[in-house]
Amino acid sequence: MSQRERMPRVRTYLMCPPEHFTVEYAINPWMDTTVPVDAALAVKQWDLLRTTLVDLGHTVHLLDPVAGLPDMVYAANGAFSVDGQVYGARFRYPQRSAEADAHRAFYAGLDQNSWQLVAPEHVNEGEGDFAYLPGAHGGLILAGYGFRTEPAAHAEAQEVLGRPVISLRLVDPAFYHLDTALAALDDHNITYYPDAFSPSAQRVLAQLFPEAVLADRADAEAFGLNLVSDGRHVILNTEATAMADKVRAAGYAPVHVELSELKRGGGSVKCAVAELRP
Ligand code: ARG
């Protein structure tokens, strides 16, 4: 693999504190309503993630948490933006549907000359199922379907955002969102766990990203693919040690954060962080 120097790019993120975080329903295989969540610990761990991003020079906006929306901490699911166009979310499960309104209100409060919000017709869970690679093939969107986002939303996203959208079928319920199985490491390269995808989707990924960092099942189960990268620093949870070795070998700088509580809801670093792309 060619080892160019990995340069960070300053980012703007959106996060939502887990003040009301609980596991009171189960909509993915990781959620167990019989195991209590330590909400105070969740807030503490989440805050360390936030300060880690700020200390790396990034801007983090905050979304006000809403009582009764325990999954709101997974801010990645609320929208997907490219070049100031914001494609809103429409959640699969009714328990989360009101989160889309909170995200819509956030974007409506931004400078409307720079941000254009588009309400979706089709079910899609924002950056949970969409990733953007600005430097790959002139700007490419990768999109997952099979558990949450409808394939029709991929075509809708392409119309709204004006970038080619590559549809990838997810086949393993443990990796129900694209961001549990694949992540952008920088503007042009990705890391992914091949077996989370259909054989055809695996072929598509191998064709488009011959230099991808390949992860294995243990990496994915440790939520090692649910990472946030600024192009150099790769923020991933402490459990994902083998994944950290893989990204280090590829020239990136892994930064660990402990997010044990958020894993109980079926998410980790990336789920908790939405990127705003002006
Ligand atoms: N409990 C949430 C759900 O099942 C977790 C969402 C995780 N978010 C993500 N971007 N993968 O919807």
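Structure: see above.
All of the points below concern the structure found in this document. (Residues numbered from 1 in each chain as written. Predicted model: local features only at pLDDT ≥ 70, side-chain atom pairs only at ≥ 80, totals over all residues. Heavy atoms only, no water.)

This paragraph deals with the packing of aromatic side chains. If you walk through the whole model with that rule in mind, you get 8 aromatic pairs. Taken together, a centroid distance of 6.0 Å and an interplanar angle of 75 degrees make the contact between Y87 and F130 edge-to-face. Taken together, the positions of Y87 in strand β4 (residues 85–88) and F130 in strand β6 (residues 130–133) put the pair 43 residues apart, joining distant regions of the chain. Summarising the burial analysis for this pair, Y87 and F130 share the class buried. (Phe/Tyr/Trp six-rings, centres within 6.5 Å; stacked < 30°, edge-to-face > 60°. Helix = DSSP H or I, 4+ residues; strand = E, 2+ residues; numbered from the N terminus. Buried < 20%, exposed > 50% of the residue type's maximum accessible area, 1.4 Å probe, protein only.)

Quick look at the site of the ligand now. Taken together, 15 residues lie around the ligand, and R96, H177, D179, G265 and C271 are the ones closest in. One of the side-chain nitrogen or oxygen atoms of R148 is found 2.8 Å away from an oxygen atom of the ligand. Here the ligand, which alone exposes 350 Å², has 100% of that area covered by the protein. The cavity that encloses the ligand is the largest cavity. In terms of residue class, the shell around the ligand is built from 5 nonpolar, 6 polar and 4 charged. (Near = heavy atom within 4 Å. Polar contact = N/O pair within 3.5 Å; in protein donor to acceptor, adjacent residues only side chain to side chain. Areas by Shrake-Rupley, 256 points an atom, 1.4 Å probe, with all protein chains shown as cover. 1 Å grid on protein atoms, 1.4 Å probe; cavity = no way out; pocket = protein on both sides within 12 Å on 5 of 7 lines; lining within 4 Å. Sits in = over half its atoms within 2 Å of the grid points. Nonpolar A, V, L, I, M, F, W, Y, C, P; charged D, E, K, R; others polar.)

Let's shift gears to the nonpolar core. Taken as a class, soluble globular proteins show a tendency for nonpolar side chains to be buried jointly. In terms of nonpolar packing, the biggest core is built from 39 residues, with L142, L168, L182, I190, F197, L205 and F209 touching the most fellow members. Secondary structure elements with two or more residues in this core: β6, β7 (140–145), β8 (165–169), β9 (182–184), β10 (190–192), α4 (199–208), β13 (233–237) and α6 (241–249). Excluding its chain neighbours within four sequence positions, the residues that come into contact with L142 are D129, F130, A131, L133, I166, L168, L178, L182, I190, L205 and F209. Counting residues in each nonpolar core, the second largest holds 23 residues, with V73, L259, V269 and A272 among its members. (Core = buried A, V, L, I, M, F, W, Y, C linked by side-chain atoms within 4.5 Å. Contact = heavy atoms within 4.5 Å.)

Turning our eyes to something else, we now look at the layout of surface pockets. Of the volumes computed, that of the largest pocket is approximately 430 Å³. The wall of the largest pocket is formed by 30 residues, among which R11, Y132, A184, E275 and R277 lie closest to the centre. Contributing elements (two or more residues each) for the lining of the largest pocket: β1 (12–15), β6, β9, β12 (228–229) and β15 (274–276). Looking at the lining of the largest pocket, its residues break down into 17 nonpolar, 3 polar and 10 charged. (Points joined across faces, edges and corners; volume = space filled by probe spheres on them.)

Below, the discussion takes up the pattern of salt bridges. Counted according to the given criterion, the structure contains 19 salt bridges. D187 is the salt-bridge partner of R9, the closest N and O atoms lying 2.8 Å from each other. Of this pair, R9 sits in the segment before β1 while D187 sits in the loop between β9 and β10; the two residues are 178 residues apart in sequence, bridging distant segments of the chain. By relative accessible area, which is 35% here, R9 ends up partly exposed. What makes D187 partly exposed here is its relative accessible area of 22%. The partner of R92 in a salt bridge is E150, and the shortest N-O contact between them spans 3.2 Å. Placement of R92 in the loop between β4 and α2 (99–108) and of E150 in the loop between β7 and α3 (151–161) is noted, with a sequence separation of 58 residues between them. Given a relative accessible area of 32%, R92 falls into the partly exposed group. (Salt bridge = Lys/Arg side-chain N within 4 Å of Asp/Glu carboxyl O.)

Everything listed here is a matter of geometry and, on its own, says nothing about what the molecule does.
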